Structures are given as structure tokens and as C-alpha cells.
Amino acid sequence: MANLGTETAFMVLAKAKALEAQGKEIIHLEIGEPDFNTPRNIIDAGIRALNEGYTHYTPAPGLPEVRATIAEYATRQKGVHYDPEEVVIVPGGKPIMFFTILSLVNPGDEVIYPNPGFPIYESVINFVGGKAVPIPIREENDFRLDVDELASLITPRTKLLIINSPANPTGGVLTAADISRIADLVRGKNIIVLADEIYDRIVYDGAQPVSIAAQSGMKDWTIILDGFSKTYAMTGWRIGYGLMHRELAERIAQLMVNSNSCTAAFTQKAAQEALIGPQDAAAAMVAEFKQRRDIIVDGLNNIPGITCKRPLGSFYVFPNIKGLGLSSQELETFLMEKAGVAALSGTAFGKYGEGYLRLSYANSVENIEKALAKITAAVNEL
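Residues numbered from 1 in each chain as written. Predicted model: local features only at pLDDT ≥ 70, side-chain atom pairs only at ≥ 80, totals over all residues. Heavy atoms only, no water.

### Focus: the sheet that holds strand β6 (residues 158-164)
Reading across the sheet, the 8 strands line up as β2-β9-β8-β7-β6-β3-β4-β5 and stay open at both edges, with mixed pairing between neighbours. In this open sheet, the two edge strands, each paired with only one partner strand, are β2 (87-90) and β5 (144-145). The sheet contact formed by strand β3 (residues 110-115) and β6 spans 3 bridges and is parallel. Paired with Ile112 across the strands is Leu161, a residue of β6. Packing against the sheet, helix α3 (residues 64-78) makes contact with β2, β8 (222-227) and β9 (240-243), and its axis sits at approximately 115° to β2. (Pairing = 2+ DSSP bridges. Helix = DSSP H or I, 4+ residues; strand = E, 2+ residues; numbered from the N terminus. Contact = heavy atoms within 4.5 Å. Axes fitted to C-alpha atoms, helices over the stretch in contact; angles between N-to-C directions.)

Here it is, written out as C-alpha cells:
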């Protein structure tokens, strides 16, 4: 257990809630959760499923009809054909991360992962005794990994490559050329790719995420992580899925049997409605996120000592705060205590996050503008 890390966002959220309980106003820009309610048609589908008796066990990999719906959706969205047998439904997106690393990585095997990146990647690699090999994600490369640098990190011990596009925490999006070059790099090397594509519907300015699974010869060597939390504001429903070769799917389902038994039946039916029902609410959320992105990026760039790139995806910004003379952790603490703004240190996402801060703009325009004013006032006192 000493090897297992955590997700700092929840720790900062708990600290913010404690300050709120003392009467202090805190604006929450730390947690990666849409502030919208789940669309009404999805809620109604969940209620209907409960009333229709979807309150029992399901097959470990999911209800057959929901797996079929996901396979049809994935075939359209990812650009490569999937069968229902290549879908495993799990409670949230994280089990696909956890089960993939648990099932594939033996002690000493190397796993290349993005840094700064979602902290659970590194946590689970260390937990199973693998060797965590960070690929730096740099601002000067628009927060995309450098494929030449990636090539230098691959060794005969490399078992797994993790990529995340659009990315948490940076909002970076890999280009089609990046994806093609990554596929060329790993093809034929017995390296499986875990592609975290949970944000692939939350993109802006014409960005077109490309799935590495659609590259020639890569489908069977790719495990795609996707789900409903971000696109459909369903974080509390705990519903996600993985797309993978059917032999891998059988093993991941085996881990489901040993851990969760199955994903809740009624949430699966709600998720099915999310995919086959109207997409207006999801599109409206992305449009609202784009407006918020522009407000927060412009506002941060007006603060002396801070610069911020305009991300092409997700609902995060990753501003450069090196001009303020504080470490990332120092600034996180300062903004919480001085400005009443909860944000995350860039180092919460790995050592290459030093000098940066992650802010989630999954909050109202009013609160974002208020947070910007508070940050400006606090920084001016440094």
C-alpha cells in the first residue's frame, strides 16, 4: 500500500470544504467534474430502468444490448469497427486503467505514461511493481508528447504505453500526424497502448481527436478507455467502458468478477440512452465550456507573471506561473488561503508539472470571473 498514490483533487476538495464549513467562501476550480446536471432524458431512462426491474446482477462485462450500443457508437466515433464482445462496461473510467495495468504489467516491466498526466497512471504502475517511465509533456510543444523523445524511452522492457488526448491536466490534443507516428513507433514491438479518450467529445476550434486504434494494425494492440462522466455530466453514475481485443476483454471481465461482480444495471440503461438519445445537451455543454475557456484564458493572460495557452480540449487550463516566483504547491496554498480559490498544483500531475497550475473551468462564468478577480488581487500583493 505504501506504493499506492492518490488523486490530489479530492484532497484539495476536502480542504476547501473544511474552509467552507468555517464560513470562508471558496470558488472551486480544482475538481474535474462538469457543473451541469445529467440531461433529463438520461435521468428518466435510469428511473424507468429501476421501475422496469433493472435492479439485479448483470453479466460481468455488461448487459448485451448496452455493449452492442456502445460497440455501434465506438465504431462511428473511433473510426474502426467494434463488436459487442470487444466492450467491457465498468463502474467509471478508472477500472479500465487499473485492470489494464494489473493484468498486463509484471514487476520490472516498463510503462511509459504522460507527465504531467492523470496521477492514477503512475500510482497503479508503482502499485503493481512496474517501472514508471514518464514522457514529459511540454508547453513549447503545445502540451503534446514529443514522438522523437518517446522513441528514445522505448526499451525491450516496455510493455505498455499510455496516451491521453484530449489530455488532463493540460487540455493538449495529439494531432493526426502525432498519432500516426506513435503507431509507426510501437507497431510490431509487442507494446500495448492504453488510449485514454474520455474527453474526445470535448474539443474546440475544429480540433479532431484521432484514435490510435484506427491506425493500421493497431486495433488489437490498443485498449481504449472511455465513458460517460465528462460528455454527459454523469460523474456520480459511475459508468465507463473499455474497448479491446476480445481475449483481453475476457480477462478484464474476469477482474470485474473478482472485484465488482458487475456494473449497476440501471446505470447501464441510462448510459445506453445517453448514446442513442438526443445529443443537444452534450453539444450545449461543449459550447458553454468553450465560452468559459476563452474567458479564463484571456483573464489569466492579463495577470502579470502568468501566461496561459488556449487548450483545444477538455475543460482545464494549465497556466505557466513561473513569473510569480512561487512553486506550484506554494501558489496552490496561497490562492486557497488568500484568494479563496481552490486550484491544483501542477506537481499534482507529476514532476514535470512544476511551474504550472491546473484550473478547471467546469464552473459558471460568474464564478470564473470572480475567481479571476480574486487571483489578480492576491497576486498583486505578492
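### Describing the nonpolar core
Residues Leu160, Ile162, Ile296 and Leu300 are the most contacted members of the largest nonpolar core, which totals 65 residues. Look past the residues within four positions of Ile162 in its chain and what remains in contact with it is Ile101, Val111, Ile112, Tyr113, Pro114, Tyr121, Ile125 and Leu194. Formed by 49 residues, the second largest nonpolar core is a distinct cluster that contains Ile182, Ala195, Ala270 and Leu275. (Core = buried A, V, L, I, M, F, W, Y, C linked by side-chain atoms within 4.5 Å. Buried < 20%, exposed > 50% of the residue type's maximum accessible area, 1.4 Å probe, protein only.)

### Considering the packing of aromatic side chains
Enumeration according to the criterion identifies 15 aromatic pairs in this entry. Between Phe118 and Tyr121, the ring centres sit 5.8 Å apart and the planes meet at 70°, which makes this aromatic pair edge-to-face. Here Phe118 falls in the buried class, since its relative accessible area comes to 11%. Centre to centre, the rings of Phe143 and Phe318 are 5.7 Å apart; their planes meet at 80°, and the pair counts as edge-to-face. With a gap of 175 residues between them, Phe143 in the loop between β4 (131-138) and β5 and Phe318 in the loop between β10 (316-317) and α11 (328-339) connect regions that are remote in the sequence. Note on accessibility: Phe143 and Phe318 belong to one class, buried. (Phe/Tyr/Trp six-rings, centres within 6.5 Å; stacked < 30°, edge-to-face > 60°.)

### Thoughts on helix α2 (residues 40-51)
With 12 residues, α2 should cover 16 Å at 1.5 Å per step; its first-to-last C-alpha distance of 16 Å lies within 8% of that length. When α2 is considered as a whole, its buried residues turn out to be Ile42, Ala45, Gly46 and Ala49. Mapping the buried residues of α2 onto a view down its axis gives an arc of 100°, with all of them on the same face. For α2, the exposed residues set more than 90 degrees away from the buried face come down to Arg40 and Asn51. Those residues of α2 hidden inside the fold are in contact with α9 (265-276). Just beyond α2, the residue with positive phi is Gly53, at close to 95°. (Expected span 1.5 Å × (residues − 1). Arc of directions from axis to C-beta.)

### What about the sheet that holds strand β12 (residues 344-345)?
Here 3 strands make up an open sheet; going across it, the order is β10-β13-β12 and the pairing antiparallel. Only two strands of the sheet have a single partner each, and these edge strands are β10 and β12. Pairing of β10 with strand β13 (residues 357-360), which is carried by 2 bridges, proceeds in the antiparallel orientation. Each bridged residue has a counterpart across the sheet, and for Tyr316 the counterpart in β13 is Ser360.

### A closer look at the environment of Ala151
Within the fold, Ala151 resides in helix α6 (residues 147-153). Judged by its relative accessible area of 34%, Ala151 is partly exposed. Residues Ala151 and Leu185 lie 34 residues apart in sequence; the distance between their C-alpha atoms is 6.8 Å.

### A word on the environment of Gly350
Summarising the element assignment, Gly350 is placed in the loop between β12 and β13. For the pair Gly350 and Met256, spaced 94 residues apart in sequence, the C-alpha separation works out to 29 Å.

So yeah, pure geometry; function would need other evidence.
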